[in-house]
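Summary of structural features
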Amino acid sequence: AAACALAAALPAAAQPKAGEPLKIGFVYVSPIGDAGWTFQHDTGRKEMEKALGGKVTTKFIESVPEGADAERVIRELAQSGHQMIFTTSFGYMNPTIKVAGTFPKVNFEHATGYKTAKNVGIYNARFYEGRYLAGIVAGKMTKSNTAGYVAAFPIPEVVMGINAFARGMRSVNPKAEVKVVWVNSWFDPGKERSAAETLISQGADVVTHHTDSTAAVQAAEAKNVYAVAYHSDMSKYGPKAHLTAVTHQWGDYYTKAVKAAAEGKWKPGNVWGGIKDGMIKMAPFNAAVPKDVQDQVKKVEADIGAGKFHPFTGPIKDNEGKERLAAGKVMDDGTLSKMDYYVEGVQGKLPSSK
């Protein structure tokens, strides 16, 4: 009875009156801009709005730091009557869970996290699938056998991408090595550019990034080396450098989730979609990429989509020679999502994420 009384006393978002549109909120970690992680989520938001027409209204708040400020923004969206809130950065996980406990009638969706609740679902894309394909391109295009990787934070999602990229490179170029510089930020164009320039000065003739801005691609263009972009097609920032990009497609997912909420059918899930689901797509190839390389990438892409090939199929050794997965085995999702080591071909030691 006490629990029931407590639940009744908790604030909840105002439910829409009959015929009124559902209010949907989005929280972004970086500026929307015209390319990058947040740009892709906002593109998905617009696609969802268009698909559902007058059934929804949306509000977004960009450049929200992870931590206390995120909790304040998420709470304000819930208090102002938003029935569904998408929080689109890993560091929003705990604030989302906390606010969700106070607003049990609001539906929350958190991107890239692992904690769920009765009213919190999680969703992510299998970035590593695209990373492996990008690695094939890099492995074929490098002349120095060295790629540079500008990385945000040493969490499993980012490490998984580095390792998939290295495995893709080495599948076509056994001599390939990947050097990593950590910038400890999702969005800091100055740091990202400096990191890319450092990697280029160390011999990398292909650079890629797991950060939100176009800085790495711009650095590659300025230094006359190649780049593989991430999140969005960034070819306009590096017409010569940009070989392709691993792009994330959120529109269909947002449309399905919000439609379910509008129909009262939404349930918290754990979605991890990849090439097969249309959530990961490769951007068009630069004309500099030979047709046989393009064809090879498309074949592996088709095999991944059909479930015939997995980028983390054994044998897998870490960069200290320890076997992490036996030959012929396929790494399961639980093991993948806890990845905390570099595979063969990645230089250096992984910093602690704590």
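Anything mentioned here points back to the structure above.
Quick caveat: nothing in here was measured; it's all calculated off a predicted structure.

Cut-off values and rules
- Residues numbered from 1 in each chain as written.
- Predicted model: local features only at pLDDT ≥ 70, side-chain atom pairs only at ≥ 80, totals over all residues.
- Heavy atoms only, no water.
- Helix = DSSP H or I, 4+ residues; strand = E, 2+ residues; numbered from the N terminus.
- Expected span 1.5 Å × (residues − 1).
- Buried < 20%, exposed > 50% of the residue type's maximum accessible area, 1.4 Å probe, protein only.
- Pairing = 2+ DSSP bridges.
- Axes fitted to C-alpha atoms, helices over the stretch in contact; angles between N-to-C directions.
- Contact = heavy atoms within 4.5 Å.
- Phe/Tyr/Trp six-rings, centres within 6.5 Å; stacked < 30°, edge-to-face > 60°.

Quick look at helix H9 (residues 251-262)
Each full turn of the α-helix corresponds to 3.6 residues, which orients residues three or four apart in the same direction. Its twelve residues give H9 an end-to-end C-alpha distance of 16 Å, which sits within 8% of 16 Å, the value for a rise of 1.5 Å per residue. Within H9, the full set of buried residues consists of Gly251, Tyr253, Tyr254, Thr255, Ala257, Val258, Ala260 and Ala261. Two residues or fewer past H9, Gly264 is found with a positive phi of approximately 70 degrees.

Points about the sheet that holds strand S1 (residues 22-27)
Reading across from one edge, S2-S1-S3-S4-S5-S11 is the order of the six strands in this open sheet, with parallel pairing throughout. A strand with exactly one partner marks an edge of an open sheet, and here the two such strands are strand S2 (56-61) and strand S11 (270-273). Neighbour-to-neighbour, the strand axes of the sheet open up by a mean angle of 15 degrees, direction not taken into account. Judged from the four bridges that link them, strand S4 (residues 107-111) and strand S5 (residues 120-125) form a sheet pairing that is parallel. Bridging across to S5, His110 finds its partner in Ile122. Strand contacts of helix H3 (residues 68-79): S1, S2, strand S3 (84-87) and S4, with the helix running at about 175 degrees to S1, the strand carrying the most contacts.

Some points on the packing of aromatic side chains
Counted by the stated rule, this structure contains 19 aromatic pairs. With a centroid separation of 5.7 Å and 80 degrees between ring planes, the pair formed by Tyr149 and Phe165 is classed as edge-to-face. Of the two residues, Tyr149 sits in strand S6 (residues 146-151) while Phe165 sits in helix H6 (residues 156-172), which places them 16 residues apart along the sequence. Grouping residues by exposure puts Tyr149 and Phe165 together as buried.

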